[in-house]
Structure formats: C-alpha cells, structure tokens
Amino acid sequence: MATLEIDALEVRIGAAGLKVLEDVTLRVEPGEVLGIVGESGSGKSMLALAIMELLPGVARYAGGTLRWDGEDMIAAGPDAWRKRRGRDLAMIFQEPMTALNPVHRVGRQVEEVLVRRRGMSRDAARREAQALFQRVEIPRAAAMLDAYPHEMSGGMRQRVMIAMALATHARLLIADEPTTALDVTVQSQILGLLRDLRRDTGMSMLFITHDLGVIAEMADRVAVLYAGRVAETAPVREIFDSARHPYTRALLSAIPKTSGPRERLASIPGSVPALDAFPTGCRFAPRCAMRRDACDARAPRLRDATAGHAVACIEPFGYVSDEDGP
Amino acid sequence: MAAFLARRLAGALIVLLLVSLMSFALIWLVPGDPASAFLDASATPDQIQRLRTALGLDEPLPLQMAHWYGRILRGDLGESILLQRSVSAALIERLPATLSLAGTALLIATLGGVAAGIVAAVNHDKWADQATMSAALIGLSVPDFWLGLVLILVFAVSLGWLPTGGFVPFGESPLGWLRTIALPALTLGLVQLGFIARISRTAMLEVMRQDYVRTADAKGISKLEIVVRHCLPNAFIPIVTVIGIVAGALLGGAVVIEQVYSIPGVGRLIIGAIAARDFPVMQGGLLFLAVVYLTVNLTVDLIYALVDPRVRLT
Ligand SMILES: Nc1ncnc2c1ncn2[C@@H]1O[C@H](COP(=O)(O)OP(=O)(O)O)[C@@H](O)[C@H]1O
Ligand SMILES: [Mg+2]
C-alpha cells in the first residue's frame with residue numbers, strides 16, 4: 001500500500017474560492033523520494049501544507065481525497081491529522097531563520113517531540129536529542145542543545161529542524177525547499193545529510209524544490225507542478241531523458257549548462273499566472289511554444305503515457321529524447 | 001544583558017537627576033514666598049522670617065542647591081512644616097498602602113487582561129473575541145473615580161459587604177487588608193485590565209501567525225500546548241513592555257483612588273501637602289515617587305531581559 005495517496009485534491013483560497021490546487025493526483029510509496037518541482041507560485045508549499053493539514057486560515061480543502069495508509073484524512077478530520085503529525089508525518093520548512101521558536105533553547109524544541117510524541121522521560125529525551133544533533137552533524141552537540149536559535153547560522157538551524165523531524169520517527173518527511181534560503185556550500189551539505197538519512201532510515205520523502213538540479217540529486221520520482229496542477233509525473237531519469245510536457249522541457253532548458261551556482265528557473269519567458277488569472281484551458285498555454293487552439297478549450301487531465309509516466313498535455317512529446325526543446 | 005541593564009540604569013539616573021532638579025526648583029516656581037505661602041495672612045513678619053531661616057531660604061542659591069543634594073544623597077528629605085516630622089518617615093509610613101493598592105491593581109489588570117487577550121485571540125473573530133473586546137472597551141471608557149463611587153455605593157453602602165474606605169495593613173490582619181484593598185484595587189485595575197486585554201490580543205494574534213507556531217503545530221502537540229508553551233512566552237515580550245507603562249499609570253492613578261477611598265497613602269499625603277503649601281513634603285514626595293517609578297521600570301526591564309533571550313546578548 002502506498003504511504004500517501006492523493007487523488008484529485010482541490011484546495012481553494014479566500015472568499016472568492018480561487019483554486020490554488022486542482023485535480024492533484026500523486027502517490028508516495030514506502031521509502032520513496034518524490035520530488036515536486038515547479039516555479040515559484042505554482043502551489044508547491046500549498047500542497048505540502050495541505051498534506052500536513054497546516055493550510056493557512058484562508059485556504060480550505062474543496063475536493064478530492066488524501067489517504068494515509070488508506071485512511072481518508074480529510075474525512076477523518078483535524079484530530080486524526082494531529083495524531084499523525086509529529087509521529088507519521090514530519091516537515092521541514094524553507095526558512096530556517098523563522099521556523100524555530102526564538103525564546104526556547106533548540107535542544108528543548110527537539111526534546112519536546114521526544115517527550116510529547118514518543119513518551120520519553122526528560123533525561124532520555126535529552127540524551128536522544130544530543131544523539132540526534134550528532135547525527136545531523138551539529139558540532140559540539142552537547143553544548144549546542146542549550147543554544148537559542150538566534151545564536152545559530154541558517155544551516156545549523158536547518159539541521160536542528162532536521163533533527164526535530166528525525167525525532168518523530170516519521171515515515172514521511174516533507175521538505176519544502178529546505179536549502180533555498182541557504183548559501184551554496186551549506187546547501188550541498190544539507191542535501192548530502194538528507195540523502196544519508198533517507199538511506200539509513202528508509203523513510204519516504206516529499207522533496208519540494210524549484211531547482212531541477214536538486215531534483216536530480218534527491219528524487220526517485222518527480223511530479224512537475226504548474227499553476228496548481230500536475231503537468232507531468234515520471235521516474236527521475238525519464239524526466240531528464242524524455243520529458244513529455246512542454247513545461248518540463250522549458251524547465252530543463254532553463255538549467256544552466258555549466259556547473260556553478262544554479263540560477264532560479266527564471267529564464268522561461270513570463271511567469272506563473274496569479275490565482276485569479278488562470279486561463280480556462282491548459283494553464284501553461286499562454287507561455288507554451290507548442291500552443292494550438294485546442295489548448296484553450298479545457299485543462300488537459302493527467303494521462304498515462306507509459307507505465308509510471310503521466311502527462312497532462314493534449315499533444316505531448318514522444319519517446320525520443322531530442323536536443324531541440326520547445 | 002549586563003550592557004542592556006547598564007544602559008537602562010544610566011537612563012534612570014539621568015531621569016533622577018532631572019527630577020531632583022525639578023523638585024529643588026519647585027519652591028521657586030510658586031509665585032510669592034514659600035514661607036508666607038505656608039503661613040496664613042495673619043502671620044507676623046517675624047514668624048515668616050523665622051520659617052525662611054528654618055527652610056534655608058536666606059542662603060545664596062548655589063549653597064541651597066548644595067545643601068539640597070547633600071541632604072537627598074543621604075536620604076534626608078527634610079522636615080515637614082505641617083506634620084513637624086521627617087518627610088522620609090512620613091513617606092515610608094504611607095508607602096505600604098500605596099504599594100498594596102497599585103500592586104494589587106497591577107495583578108488584577110495583568111492576570112485578567114492577559115487571560116482575556118488570550119481568549120479573544122484564540123477565538124479570533126468569533127463571538128468570544130467580540131464579547132471580550134467589547135467588555136475591554138467599556139472598561140477602558142469608564143472613568144475610574146466614577147467606577148469607584150459606583151462600587152462603593154453597591155458593595156459598601158447598599159450591600160454592606162465591604163468597608164467604604166480606609167486601610168488595614170496586611171501585617172495587622174490579612175483579611176482586613178483584603179477587605180479594604182479589594183474595591184480600590186478593582187477600581188484602579190479595571191481600566192488597565194481593558195488596556196492590557198487589547199494589547200495582549202494583538203500580541204497573541206501577531207505571534208500565532210509566525211512560522212515557529214506552524215512548526216509547533218507540525219509536531220502534533222495539542223492546541224493548548226501550542227498556545228501556552230509556544231505563543232504565550234513570545235507574546236509576553238510586547239506585553240511586559242506595556243505592563244511597565246501600566247505600572248507607572250497605576251502609581252499616578254493611585255493618587256486619585258486614595259482620595260475616593262480615603263486610603264492613607266503617599267498620594268493623599270502629597271495632595272494634603274499641596275493644599276497646605278507644605279513645600280518639603282511636596283519636594284520629597286515628588287522625588288520619592290520618581291524613585292518608586294524608576295524602580296518599577298527597572299524591574300520590568302529585568303523581566304523583559306529574562307523573557308527575551310535575544311535581549312540578553314545586546
Ligand atoms: N496565505 C495566502 N493567501 C493568499 N494566497 C496565497 C497564500 N499563500 C500562497 N498564496 C498564493 O497561492 C499560490 C501558490 O503559492 P505557494 O504554494 O506558496 O507556491 P510555491 O510554494 O510553489 O512558490 C500563489 O499564487 C500564491 O500567491
Ligand atoms: Mg513555496
């Protein structure tokens with residue numbers, strides 16, 4: 001059974017009921033890393049928060065299902081979620097600078113999970129927290145337990161967040177752009193750490209990023225999100241070797257060929273439309289080099305092209321990997 | 001934290017210097033001669049001259065000032081003309097009543113205000129929020145002397161549950177103390193309770209939408225634990241600042257309430273001194289209240305530094 005199964009999920013925002021996620025269908029298998037990629041504003045964070053039931057007050061579930069080990073979570077309600085959070089589900093956020101409570105020592109914030117969610121005694125929790133700090137390679141772990149967040153760098157704080165996530169023994173870790181706010185060398189250290197942890201614990205991961213380079217390093221499978229809809233989903237190799245959606249191809253051609261600091265995915269002309277300006281047809285159509293009249297009729301649904309490779313485009317690219325992208 | 005407190009202490013010393021100058025100048029700000037102002041019109045020139053000499057008013061100004069600072073640095077605030085006793089002794093004797101009143105009022109305002117603010121913030125935009133905030137607004141708009149009179153009429157005169165005024169020291173009878181202090185402290189505290197409630201609500205709402213609260217929620221701990229352990233300690237940082245302001249306002253407000261409830265406090269002493277033109281008590285009282293006020297503020301700064309770990313560094 002899949003760890004997490006999302007089917008036709010719809011999330012709306014505000015009194016106007018703007019659809020920030022629509023017809024999102026995904027699954028995460030045990031031990032698998034599912035990468036979610038898309039430009040800023042595509043709804044990646046909303047999806048992560050929807051899975052955790054941590055949506056902001058303005059957003060609400062408007063359709064579809066979200067199953068955990070088969071349990072229909074939206075139907076089960078907030079208490080069922082609360083039981084899962086910090087036990088089956090953990091999350092790390094994009095901004096390590098604001099994600100930790102400024103008035104509590106970082107050790108205590110990790111121990112809180114161990115005491116409240118895993119029923120450890122204070123002493124045992126303290127020892128375990130120290131071991132976790134060592135595991136996430138925080139130098140002088142014992143001393144750092146007593147530090148306050150403002151005394152740590154962004155990279156160290158993100159390690160604390162990871163230690164906190166590990167403390168839960170969660171089977172699914174949601175990582176929402178965990179390295180975006182960090183500088184490049186720290187970024188690769190954190191990615192390396194997450195890879196090691198995933199190998200050692202066998203937990204599943206939903207790894208969100210706007211950077212296909214990071215996807216290549218981290219993910220087993222990829223879902224490309226555009227304007228609240230899944231454009232394409234495939235094993236990571238197929239995304240790089242034979243992407244079928246014009247948007248995925250545009251993303252790929254936006255990766256700088258040389259190594260060095262990666263740029264944001266800004267080189268596709270235009271930007272993700274605002275929620276109240278979604279086109280009626282395919283949402284990518286206005287920016288798509290392959291656009292035709294039929295694209296404006298309705299948003300294409302995700303269809304299997306081959307086993308495990310689905311694409312939402314009326315005229316996707318064929319098998320052959322070719323040099324000239326759209 | 002040492003640097004932070006040193007800065008605050010330096011600020012307090014400057015205020016103290018200014019207040020001591022003002023207290024000294026007080027005697028010269030009043031039109032006419034302090035000695036003849038105290039004595040009534042029937043006083044002989046000889047009587048006036050003797051009082052002038054006793055008050056040291058015949059000396060040159062720099063010498064008077066030197067004497068003034070020499071005295072106050074030793075804690076000697078002079079002799080009351082009216083009471084024929086040391087000003088410091090009179091003030092210290094009155095201090096427990098004023099501190100009881102202001103302290104109890106502060107306790108009521110803080111506990112009630114913070115609790116109301118939390119209830120309102122947690123139930124943001126629901127009826128409990130609107131009800132609490134409407135009540136706070138009413139509390140804020142009622143003049144304290146009027147509220148004091150109404151409470152006396154209801155609980156002292158009509159129901160006869162509590163005395164209409166006076167003060168029993170805590171050391172004499174804790175119950176008697178509570179009975180005399182309850183209504184005045186409630187009167188004084190309610191207005192500030194409304195104020196603190198509104199500030200606490202705003203502070204809580206601000207904290208509740210911070211990222212770290214979402215992190216706490218991601219841990220799956222209960223809503224109550226999130227509010228108590230993660231939101232409140234952060235909301236306390238702005239609230240403590242406001243409590244400092246409120247404490248100052250309560251000391252000032254105590255003067256009025258001591259009149260309404262005939263409580264023999266510092267405020268009543270000073271008002272009596274103003275009416276009788278008893279200059280040494282006026283001067284000493286001003287200085288004394290400034291010291292009390294600054295002590296309260298430094299205590300608040302200390303609490304502030306304890307609540308916010310980020311302050312301890314700077
Ligand atoms: N709290 C919010 N209120 C209203 N709109 C929001 C809110 N958060 C995000 N949005 C909108 O939802 C869309 C998706 O945002 P988000 O999920 O943050 O995108 P991503 O994480 O992919 O950058 C964007 O159009 C964004 O403007
Ligand atoms: Mg995001």
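Since we're looking at a predicted model, the values are computed, not measured.

A separate point is the overall build of chain A. When its secondary structure is counted, chain A shows 11 helices and 12 strands. Whereas a compact globule of 326 residues would reach a radius of gyration of roughly 20 Å, chain A reaches 20 Å, a difference of no more than 12%. On the principal axes, the C-alpha backbone points of chain A span a range of 65 × 45 × 35 Å. Across chain A, the fraction of contacts at a sequence separation of at least 24, relative to all contacts at a separation of at least 6, is 65%. Across chain A, the mean location of the 42 positive side-chain charges is 4 Å away from that of the 42 negative side-chain charges.

A few words now on the sheet that holds strand β9 (residues 221–226) of chain A. All names here are of chain A. In spatial order, the strands read β6-β7-β8-β3-β9-β10-β12-β11; together these eight strands make up an open sheet with mixed pairing. For this open sheet the edge positions go to β6 (89–92) and β11 (303–306), each flanked by a neighbour on one side alone. With direction set aside, neighbouring strand axes in the sheet form an average angle of 20 degrees. Bridge count between β9 and strand β10 (residues 229–235): six bridges; the pairing is antiparallel. When the sheet's bridge partners are listed, A223 is paired in β10 with T233. Each of β3 (33–37), β6, β7 (172–176), β8 (204–209) and β9 is contacted by helix α1 (residues 44–52), which is oriented at about 150 degrees to β6, the strand it contacts most. With respect to the sheet, helix α8 (residues 184–201) is in contact with β3, β6, β7 and β8, its orientation differing from that of β8 by roughly 160 degrees.

Residue and element names in this part refer to chain A. Within the structure, ligand 1 sits among 13 residues, and G41, G43, K44, S45 and M46 are positioned closest to it. Here K44 contributes a backbone N or O atom positioned 2.9 Å from an oxygen atom of ligand 1. S45 is positioned with one of its side-chain polar atoms (N or O) 2.8 Å from an oxygen atom of ligand 1. By residue number, the principal contributor to the shell around ligand 1 is α1, which donates three residues. In terms of residue class, the shell around ligand 1 is built from six nonpolar, five polar and two charged.

This next bit is on the packing of helix α5 (residues 87–122) of chain B against helix α11 (residues 266–276) of chain B. Think of two packed helices as two axes; the pair is described by the angle between the axes and how far apart they sit. All names here are of chain B. Between α5 and α11, whose axes approach to 7 Å, the crossing angle comes to 130 degrees. Compared by their axis directions, α5 and α11 come out oblique. Contacts between α5 and α11 pair A90, L91, R94, L95 and T98 from the former with V266, G267, R268 and L269 from the latter. Its residues placed into classes, the contact of α5 with α11 shows five nonpolar, two polar and two charged.

Reading the values: the criteria
- Residues numbered from 1 in each chain as written.
- Chains lettered and ligands numbered in written order.
- Predicted model: local features only at pLDDT ≥ 70, side-chain atom pairs only at ≥ 80, totals over all residues.
- Heavy atoms only, no water.
- Helix = DSSP H or I, 4+ residues; strand = E, 2+ residues; numbered from the N terminus.
- Rg over C-alpha atoms; globule rule 2.2 N^0.38 Å.
- Contact = heavy atoms within 4.5 Å.
- Lys, Arg positive; Asp, Glu negative; His and termini not counted.
- Charge placed at Lys NZ, Arg CZ, Asp CG, Glu CD.
- Pairing = 2+ DSSP bridges.
- Axes fitted to C-alpha atoms, helices over the stretch in contact; angles between N-to-C directions.
- Near = heavy atom within 4 Å.
- Polar contact = N/O pair within 3.5 Å; in protein donor to acceptor, adjacent residues only side chain to side chain.
- Nonpolar A, V, L, I, M, F, W, Y, C, P; charged D, E, K, R; others polar.
- Parallel < 35°, antiparallel > 145°, perpendicular 65-115°, else oblique.

Geometric values such as these leave the question of function open.
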